[in-house]
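Structural characterization, general
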Amino acid sequence: MTASMSPTRVLVAYASKHGHTRLVAERIGAVLREHRLGVELRDLGERGADPWPPDFAGVLVAASVHAGHHQKCVVSWAHGHATTLGLRPSAFVSISLTAADDTDEARSTTRRLIDELADETGWTPDASLAVAGALQYREYDLPTRVLMRLIARQHGGSTDTSDDVVYTDWPALEQFATDFADEVTAQTRARRAREEASR
Ligand SMILES: Cc1cc2nc3c(=O)[nH]c(=O)nc-3n(C[C@H](O)[C@H](O)[C@H](O)COP(=O)(O)O)c2cc1C
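Described in the following lines is the structure provided in the data block.

Procedures and definitions
- Residues numbered from 1 in each chain as written.
- Predicted model: local features only at pLDDT ≥ 70, side-chain atom pairs only at ≥ 80, totals over all residues.
- Buried ≥ 20, exposed ≤ 12 C-beta atoms within 10 Å, placed from the backbone.
- Helix = DSSP H or I, 4+ residues; strand = E, 2+ residues; numbered from the N terminus.
- Pairing = 2+ DSSP bridges.
- Right-handed = clockwise from strand over helix to strand, strands pointing away.
- Near = placed C-beta within 6 Å.
- Nonpolar A, V, L, I, M, F, W, Y, C, P; charged D, E, K, R; others polar.
- Core = buried A, V, L, I, M, F, W, Y, C linked by C-beta atoms within 7 Å.
- Contact = placed C-beta atoms within 7 Å.

Thoughts on the pairing of strand β1 (residues 9-14)
Counting buried residues in β1 gives 5 out of 6 residues, a clear majority hidden from the surface. As judged from the 6 bridges shared by β1 and strand β2 (residues 38-43), these two strands associate in the parallel manner. Considered in β2, the bridge of Y14 is made with D43. In this region the chain leaves β1, passes through helix α1 (residues 20-34) and returns to the parallel neighbour β2; the handedness of that crossover is right-handed. Direction of pairing for β1 relative to strand β3 (residues 58-66): parallel, over a ladder of 5 bridges. Bridge pairing links L11 to V59 in β3.

Focus: the environment of R199
Looking at the secondary structure, you find R199 in the segment after α6 (170-197). Given 4 C-beta atoms within a 10 Å radius, R199 is considered exposed. With 90 residues separating them in the primary sequence, R199 and T109 have C-alpha atoms 49 Å apart.

Observations concerning the site of the ligand
Around the ligand, a shell composed of 19 residues is seen, among which S16, H18, T21, S96 and G133 lie nearest. The dominant element in the shell around the ligand, judged by the number of residues it contributes, is β3, at 3 residues. When the residues that make up the shell around the ligand are grouped by side-chain class, the tally is 6 nonpolar, 12 polar and 1 charged.

What about the nonpolar core?
Within the largest apolar cluster, 46 residues are counted, with the highest numbers of intra-cluster contacts made by V10, L60, V61 and A62. Elements supplying a minimum of two residues to this core: β1, α1, β3, α2 (72-80), β5 (90-96), α4 (104-121), β6 (127-132) and α6. Beyond its immediate stretch of four places on either side in the chain, A62 contacts Y14, T21, V24, A25, I28, V93 and I95.

Shown next, in the form of structure tokens:
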């Protein structure tokens, strides 16, 4: 296989507390593969996980919101790699229950959470998406189940703790991943054409 035929590699880096963001990252990875991209899925919550953005033609990061913040491991990894992240197509997906609320207040909160990540890390993704997450009652310990049921009641969500509820708009997520795949592919083609021309 020549260099120009080798698959374009994309990093999907994520952190997940109860597993829903991992599902989101896997779905994104599946869409990117459908678009003939090579995908490396990395859990930034794993000990020692520190993928190196220059190894990839594009980077998509997914993190969930807990107690008003995205995961610390994502913030610190993105902060450490802000410069190289800015040199390739990059995107951020923020998963929260706030994103399930169809109100201006909720939209302004999810926007603020994404802006805060950019402020904290110095990395401004080319594209970002607020994605509604899940109530994973079956994964929670008792105090978390009680707390989340209370929050769900306040927001008109499901209070039936015998089952999980997923609020994610999968088609919107897949469209976002498709747009990102198109952007990575276009930029990679343009870069390869420049390299060919300069030989
Ligand atoms: C303990 C706890 C705290 C949470 N705090 C927030 C929050 O502050 N704002 C919000 O919008 N969603 C909050 N959520 C909802 C999560 O973002 C949502 O459930 C998401 O799907 C979790 O994904 P994960 O399991 O991959 O981490 C919270 C969930 C839990 C369990």
